[in-house]
Amino acid sequence: MTRKIIIGIVTFILIIMGLAIQPFSFENIDAGNVGIRINLYGSEKGVDNITLVTGRVWYNSWTTKIVEFPTYTQSVDYESFVITTKDAAEFKVDPKLNYHINPEKVPQIYRQYRRPLAEIQQGFMKNTIYDAYRIVANSFTSDSVMSNREVFEDRVQNVLTKTLGKDGFVYDQLTSAITPPPSLRQMIDEKNASIQARLKAENQAKQAEAEAKVIIARAEGQAKATLIKARAEAEANQLRQKTLTPLLIQQEWVAKWNGVLPTTNAGGSTSLMLGVK
């Protein structure tokens, strides 16, 4: 009985050990990622030409390795560095890159670089980005960099598309955060201040001109109103003169008379009444 128990215990232990060391395993490829199967032994050692879909993947961990690559947008903020324009001005660039990987190119990326994505970003991609900025800067003057930043960044991205785009790195957005040298920054500030002062003076002149036009318009309006009023009064007087006949004047006098004859005193207490004809 004891021997059977010992055999059972040993068998159980062997089963547990077998399960612990058995090579079969699985990998869950999360959404937004692509997994590639890598053969570690045999004549087909290397990366298979198969891109695994998202989901659970079973494989032999003794002979196979699964590597995941994210295919969603990656954002990388690189350290700032200095570029030199063709007129020897030094600009500081602080690039920030948003990109994603073409899922169909994942096996090719791993074949070429044999590194996880994080190491590729800080190795080959970083060096390529720095070189692209330096190449493009050699074709720009300091003034043209400041006045044509969008063109500058477009050319940088064109260089990167040619060098890394063919390997499956798809660029979504690239910002440079270009900072000019202090001397150029001062010149730009002075130029902007001059432009602002000129615009302010022009606005003040336009405002003064507009106010003067308002005053003139008001004066012309008042003058016209006065002239119109004077003409109206003159025309009214002319009309009155034409209509005031002697008979009409006498009628108006009679209408206004109160029936009392006018009187006057001629010295002392004598009363003298004059007849009115």
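Parameters and conventions
- Residues numbered from 1 in each chain as written.
- Predicted model: local features only at pLDDT ≥ 70, side-chain atom pairs only at ≥ 80, totals over all residues.
- Heavy atoms only, no water.
- UniProt positions renumbered as here; feature names shortened; annotations may be inferred.
- Phe/Tyr/Trp six-rings, centres within 6.5 Å; stacked < 30°, edge-to-face > 60°.
- Helix = DSSP H or I, 4+ residues; strand = E, 2+ residues; numbered from the N terminus.
- Buried < 20%, exposed > 50% of the residue type's maximum accessible area, 1.4 Å probe, protein only.
- Pairing = 2+ DSSP bridges.
- Core = buried A, V, L, I, M, F, W, Y, C linked by side-chain atoms within 4.5 Å.
- Contact = heavy atoms within 4.5 Å.
- Axes fitted to C-alpha atoms, helices over the stretch in contact; angles between N-to-C directions.
- Salt bridge = Lys/Arg side-chain N within 4 Å of Asp/Glu carboxyl O.

For the chain, the name recorded in an unreviewed UniProt entry is Band 7 domain-containing protein, with Dyadobacter beijingensis as its organism. Regarding the chain, the UniProt comment filed under Subcellular location (unreviewed entry) reads as follows: "Membrane".

*Asks:* Outline the packing of aromatic side chains, listing residues and values.
*Replies:* Under the criterion given, the structure shown has 8 aromatic pairs. Aromatic side chains Phe 140 and Phe 152 sit 5.3 Å apart centroid to centroid with 80 degrees between the ring planes, which places their arrangement in the edge-to-face category. A residue pair is termed long-range when its members are at least 10 positions apart, and Phe 140 in the loop between α3 (117–137) and α4 (142–147) and Phe 152 in helix α5 (residues 149–163) qualify at 12 residues. For the pair Phe 140 and Phe 152, one class covers both residues: buried. Three or more aromatic residues joined by ring pairs form one cluster here, namely Phe 81, Tyr 130, Tyr 133, Phe 140 and Phe 152.

*Asks:* Explain the pairing of strand β2 (residues 33–39) to me, and be specific about the residues and the numbers.
*Replies:* Across the 7 residues that make up β2, a large majority, 6, are buried. Examined bridge by bridge, β2 and strand β5 (residues 64–70) share 7 bridges and lie antiparallel to one another. Across the sheet, residue Ile 38 finds its bridge partner in β5, namely Lys 65.

*Asks:* Help me get a handle on the nonpolar core, residues and values and all.
*Replies:* Core analysis: the largest hydrophobic core is formed by 39 residues, its most contacted members being Phe 69, Tyr 99, Tyr 133, Phe 152 and Phe 169. No other element matches α3, which puts 9 residues into this core. If we skip the residues at most four places from it in the chain, Phe 69 touches Gly 32, Asn 33, Val 34, Ile 36, Ile 101, Val 106, Ile 109, Tyr 110, Arg 115, Leu 117 and Ile 120.

*Asks:* How would you sum up the sheet that holds strand β6 (residues 74–77)? Please name residues and give values.
*Replies:* Across the sheet, which stays open at both edges, the 3 strands sit in the order β6-β9-β10 with antiparallel pairing between neighbours. Both outer strands of the open sheet, β6 and β10 (169–175), are each paired with one neighbouring strand and no more. Here the strands of the sheet are splayed against their neighbours by 25 degrees on average, with no regard to which way each runs. Bridge count for β6 against strand β9 (residues 96–101) is 4 bridges, and the pairing is antiparallel.

*Asks:* Break down the pattern of salt bridges for me, citing the residues and quoting the values.
*Replies:* Scanning the model with the defined rule gives 2 salt bridges in all. Of the charged contacts in the structure, one is a salt bridge between Arg 115 and Glu 119, with a shortest N-O distance of 3.5 Å. Of the residues examined, Glu 119 reaches a relative accessible area of 45% and is grouped as partly exposed. Of the charged contacts, one joins Lys 213 and Glu 209 as a salt bridge, the two residues approaching to 3.6 Å between their closest N and O atoms. Remark: Glu 209 and Lys 213 occur in helix α6 (residues 182–243); sequence separation between them is 4 residues, near one turn of the helix. Accessibility expressed as a relative area gives 52% for Lys 213, which makes it exposed. With relative accessibility at 44%, the residue Glu 209 sits in the partly exposed group.

*Asks:* Residue-level account of the environment of Phe 69, with values.
*Replies:* Position of Phe 69 relative to the elements: it lies in strand β5. With 37 residues separating them along the chain, Phe 69 and Gly 32 place their C-alpha atoms 8.8 Å apart.

*Asks:* Any details on the environment of Pro 181? Residues and values, ideally.
*Replies:* Checked against the element boundaries, Pro 181 lands in the loop between β10 and α6. The class for Pro 181 is buried, based on a relative accessible area of 16%. Between the C-alpha atoms of Pro 181 and Phe 91, which are 90 residues apart in sequence, the distance is 5.9 Å. Apart from residues no more than four positions distant in its own chain, Pro 181 is found in contact with Glu 90 and Phe 91.

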